[in-house]
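Structural features, examined
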Amino acid sequence: MYKRIAASRIRRVFDAIGRQDYDAATDGVADDVHHLFPGTNALGGERHSRDALMRWFERLGRLFPQLAFEVQRVSVKGPPWDMWIAVQWTDEGRAADGTPYHNRGAHWIRIRRGRAVFIQAYLDTDLVTPSCQRMAGLGIVEAASPQITD
């Protein structure tokens, strides 16, 4: 039963991200969450706090203001107090310059005592990095900003 609840909650989190409701998306995140996003671009890097993750989500929303996720699969393993969740998804939307964007990937998430303590994204950075480079070339300064780290 708890695995079904966790899977449903994860689907709601990805829906919240698509609506840019980052408060709802980070509601179940630990203050010292470890977040990794691949790539050598403005979204890449590693964060170690809920505050940095929130700033990262805000940047994501500015660089990709239209972004909808479709969750294909969710797998939950482990006891309720220490779960690992794998999420397979696709996304579709538009970058800040209006160019269509589409990617697919997965997240690996650890939930301890009801809070996300580890989040790692796996996706095609060969789609993210050129999008950021293109936007930076068009004058969207944040697309070339240093990674958000703490």
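Notes on the structure in this doc start here. (Residues numbered from 1 in each chain as written. Predicted model: local features only at pLDDT ≥ 70, side-chain atom pairs only at ≥ 80, totals over all residues. Heavy atoms only, no water.)

Glancing now at the overall build of the protein. Assigned secondary structure in the protein consists of 4 helices and 6 strands. Ordered by position from N to C terminus, the α and β elements of the protein give α-α-β-β-α-β-β-β-β-α. Dimensions along the principal axes, computed over C-alpha positions, put the protein at roughly 50 × 30 × 25 Å. The 150 residues of the protein split such that 45% are buried. Taking as baseline every contact in the protein between residues at least 6 positions apart, the subset at least 24 positions apart corresponds to 55%. If you sum the accessible surface of the protein, you get close to 7,800 Å²; carbon and sulfur atoms cover 52% of it. On the protein, the mean spot of the 20 positive side-chain charges and the mean spot of the 18 negative ones are 7 Å from each other. (Helix = DSSP H or I, 4+ residues; strand = E, 2+ residues; numbered from the N terminus. Buried < 20%, exposed > 50% of the residue type's maximum accessible area, 1.4 Å probe, protein only. Contact = heavy atoms within 4.5 Å. Areas by Shrake-Rupley, 256 points an atom, 1.4 Å probe, with all protein chains shown as cover. Lys, Arg positive; Asp, Glu negative; His and termini not counted. Charge placed at Lys NZ, Arg CZ, Asp CG, Glu CD.)

We now examine the environment of Gly-28. With respect to the helices and strands, Gly-28 occurs in the loop between α2 (22–25) and β1 (29–37). Taking C-alpha positions, Gly-28 is 5.0 Å from Arg-115, a pair spaced 87 residues apart along the chain. The residues touching Gly-28, leaving out its near neighbours within four places in the chain, are Arg-9, Gly-114, Arg-115 and Ala-116.

Examined against the element boundaries, Asn-103 turns out to sit in strand β5 (residues 100–112). Relative accessible area serves as the criterion here: at 2%, Asn-103 is assigned to the buried category. Engagement of the side chain of Asn-103 in a polar contact is seen with the backbone oxygen of Asp-124, the distance being 3.0 Å. With residues near it in sequence (within four places) discarded, Asn-103 still touches Trp-89, Thr-90, Asp-91, Leu-123, Asp-124, Leu-127 and Val-128. (Polar contact = N/O pair within 3.5 Å; in protein donor to acceptor, adjacent residues only side chain to side chain.)

What follows deals with the side chain of Arg-59. Note on placement: Arg-59 falls in helix α3 (residues 50–63). A relative accessible area of 8% places Arg-59 in the buried class. Within the local environment of Arg-59, its side chain forms a polar contact with the side chain of Glu-142, the two groups lying 3.1 Å apart. Not counting residues up to four positions away in its chain, the partners in contact with Arg-59 are Ala-42, Leu-43, Glu-142, Ser-145, Pro-146, Gln-147 and Ile-148.

The quantities given are spatial measurements derived from coordinates; they are silent on function.
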